[in-house]
Amino acid sequence: MARVLPNLVSIISRLTRRVRALGYWSLVYGYCLLCTAVALLKLWWNIFLRPTSTFQWGVRDAPPACLNDTSLGTHCYVRIKESGLRFHYVAAGERGKPLMLFLHGFPEFWFSWRYQLREFKSEFRVVAVDMRGYGESDVPLAVESYRFEYLVTDVRDIVEYLGYNRCLLVGHDWGGTVAWLFSIHYPEMVTKLIVLNSPHPSVYADYALRHPSQLLKCSCFFFFQLPRLPELMLSINDFKALKALFTSRSTGIGRKGRWLTSEDMEAYLYALSQPGALTGALNYYRNVFSSLPLTQQCVRSPVLLLWGECDAFLEQGMAEACRLYIRNHFRLNIISGAGHWLQQDQPDIVNTLMWTFIKEGEGRKSHRT
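Computed from a prediction, not measured in an experiment: that's the story for all the values here.

Attention shifts here to the overall build of the protein. Helix and strand content of the protein: 14 helices and eight strands. Counting across all 369 residues of the protein, residues that qualify as buried make up 52%. Look at the contacts in the protein between residues 6 or more apart in sequence, and 76% of them connect residues 24 or more apart. When the accessible surface of the protein is split by element, carbon and sulfur atoms take 58% of a total near 17600 Å².

This part is about helix H5 (residues 201-210). Listed in full, the buried residues belonging to H5 are Pro201, Ser202, Val203, Tyr204, Tyr207 and Ala208. Contact partners of the buried residues in H5: helix H4 (174-185), helix H6 (212-217), helix H7 (219-223) and helix H11 (317-321).

Among the structural elements, Cys322 can be located in the loop between H11 and strand E8 (330-335). Classification of Cys322 by relative accessible area gives buried; the value is 0%. Separated by 122 residues in the primary sequence, Cys322 and His200 place their C-alpha atoms 5.7 Å from one another. If we ignore the near neighbours within four places in the chain, the residues touching Cys322 are Trp180, Pro199, His200, Val203, Leu305 and Phe330.

Summed over the entire model, instances satisfying the criterion amount to 14 salt bridges. The shortest N-O distance in the salt bridge between Arg118 and Asp69 comes to 2.9 Å. With Arg118 in helix H2 (residues 114-120) and Asp69 in the loop between helix H1 (4-49) and strand E1 (74-79), this pair connects stretches of sequence that are 49 residues apart. For Arg118, a relative accessible area of 37% corresponds to the partly exposed category. Residue Arg132 is joined to Asp154 by a salt bridge in which the shortest nitrogen-to-oxygen separation is 2.6 Å. Residue Arg132 is found in the loop between strand E4 (125-129) and helix H3 (148-161), and its partner Asp154 is found in helix H3; the two are separated by 22 residues along the sequence. Given the relative accessible area of 5%, Arg132 is considered buried. In the salt-bridge network here, residues are joined through shared partners; they are Arg60, Asp238, Lys243 and Glu266.

To continue, consider the packing of H3 against H4. Following both chains from N to C, one finds H3 and H4 inclined at 80°, their axes separated by 9 Å at the closest point. In this view, H3 runs roughly perpendicular relative to H4, as classed from their interaxial angle. Where H3 approaches H4, its residues Phe148, Leu151, Val152, Val155 and Arg156 are matched on the opposing element by Trp174, Thr177, Val178, Leu181 and Phe182. Looking at the contact of H3 with H4, its residues break down into eight nonpolar, one polar and one charged.

Along the polypeptide, Val126 turns up in strand E4. Judged by relative accessible area, Val126 falls into the buried class, the value being 0%. Sequence-distant contacts of Val126, defined by excluding residues within four places in its chain, comprise Val90, Ala91, Ala92, Met100, Phe102, Leu117, Phe120 and Lys121.

Below, the discussion takes up the nonpolar core. Among the nonpolar cores identified, the biggest contains 120 residues, and Met100, Leu169 and Met354 are the most heavily contacted of them. Beyond its immediate stretch of four places on either side in the chain, Met100 contacts Phe120, Phe124, Arg125, Val126, Val127, Leu168, Val170, Met354 and Ile358.

A few words on the pairing of strand E2 (residues 86-92). For E2, the tally of buried residues reaches six of seven residues, placing the bulk of the element in the interior. Strand direction decides the pairing type here: E1 and E2, joined by six bridges, are antiparallel. Looking at E2, one finds that Tyr77 is bridged to His88. Count of turn residues in the E1/E2 antiparallel hairpin: six residues, of which Gly84 carries a positive phi of about 80°. Looking at chain direction, E2 and E4 are connected through four bridges and run antiparallel. Along E4, the bridge assignment pairs Ala91 with Val127.

Here the focus is the sheet that holds strand E3 (residues 99-103). Strand order in the open sheet formed by eight strands is E1-E2-E4-E3-E5-E6-E7-E8, with mixed pairing between adjacent strands. What marks the edges here is a single partner per strand, and that holds for E1 and E8. In this sheet, neighbouring strand axes are inclined to one another by 20° on average, regardless of whether the strands run parallel or antiparallel. Looking at chain direction, strand E5 (residues 167-172) and strand E6 (residues 190-196) are connected through six bridges and run parallel. Within the sheet, the bridge partner assigned to Leu168 lies in E6 and is Lys192. Lying on the sheet, H4 is in contact with E3, E5, E6 and strand E7 (303-308); it crosses E5 at an angle near 145°.

Rules used throughout
Residues numbered from 1 in each chain as written. Predicted model: local features only at pLDDT ≥ 70, side-chain atom pairs only at ≥ 80, totals over all residues. Heavy atoms only, no water. Helix = DSSP H or I, 4+ residues; strand = E, 2+ residues; numbered from the N terminus. Buried < 20%, exposed > 50% of the residue type's maximum accessible area, 1.4 Å probe, protein only. Contact = heavy atoms within 4.5 Å. Areas by Shrake-Rupley, 256 points an atom, 1.4 Å probe, with all protein chains shown as cover. Salt bridge = Lys/Arg side-chain N within 4 Å of Asp/Glu carboxyl O. Axes fitted to C-alpha atoms, helices over the stretch in contact; angles between N-to-C directions. Parallel < 35°, antiparallel > 145°, perpendicular 65-115°, else oblique. Nonpolar A, V, L, I, M, F, W, Y, C, P; charged D, E, K, R; others polar. Core = buried A, V, L, I, M, F, W, Y, C linked by side-chain atoms within 4.5 Å. Pairing = 2+ DSSP bridges.

Okay, structure coming up:
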């Protein structure tokens, strides 16, 4: 009897894990099918309403002038030996000053940090990267090339190539996810972590499964698992869906802050209309379900989490829950009236809060020395 009981407990435990895994993947694939049906209905409706223009979209051949604004910094490239990939980045500020590294989200590129590049170059070597699959950086073809471990390794390699062994790391959306992961795996390389509208990955997974409303808001995660169809839906009617994402009342930039100018919009369309650009961006999503749950979760760097109160994609309840995984100072600021695109929507507020967090502790350090 003493031997039977442990064996029975072990069998029940394995069975429970398998049932949970089955339920998890059933939810993923079931929701993917639902999103596919909705997308196909939208496509047929577009064809019915606009039969001649639905499948018309064009690659932007020349970058708008704002992408060559010298006040933002210098365009640079680096090829990483280990991965063989070439990365594009924009850098400003004196070499040798502390490194502030910016990681953008979906569907953005280095340009999303234009307000911060100007603001912080006086005291930092500021670098905004085009992450793999985006902008002028290389676009690996294989979906597996966008797994979490490769994205984290990219950050490490870029920091080291720039001649640093640590940085102040700033990330938004998907860039925030990678920033969280980098801080988990390379805590010695992160002096401080600043994340905008991106929950700790473990919080996101747990919260979405417990809150159906968040599951609905992140339905794109499921739709983007499909091959080719998401790229098509984002491209039809000359990238109408992308334009709406950045400019509509419900999801766009400028709800109560700065509006995205027509030239800014063209900058995004220039980057995202290039061959393979949308596939590279979407491949981040196509690895997310196989990368969770995380084996390591604790963040040991000081963390500032900035959150737009009116984010159309992420519920505010996830922000406070991030505290559970942080083993250092944690500051959370909810910005009233701001949406998802925080650093572009409310740059003055974001920059002020970043400065406050950066300066925290400097007086105590200088007193001790």
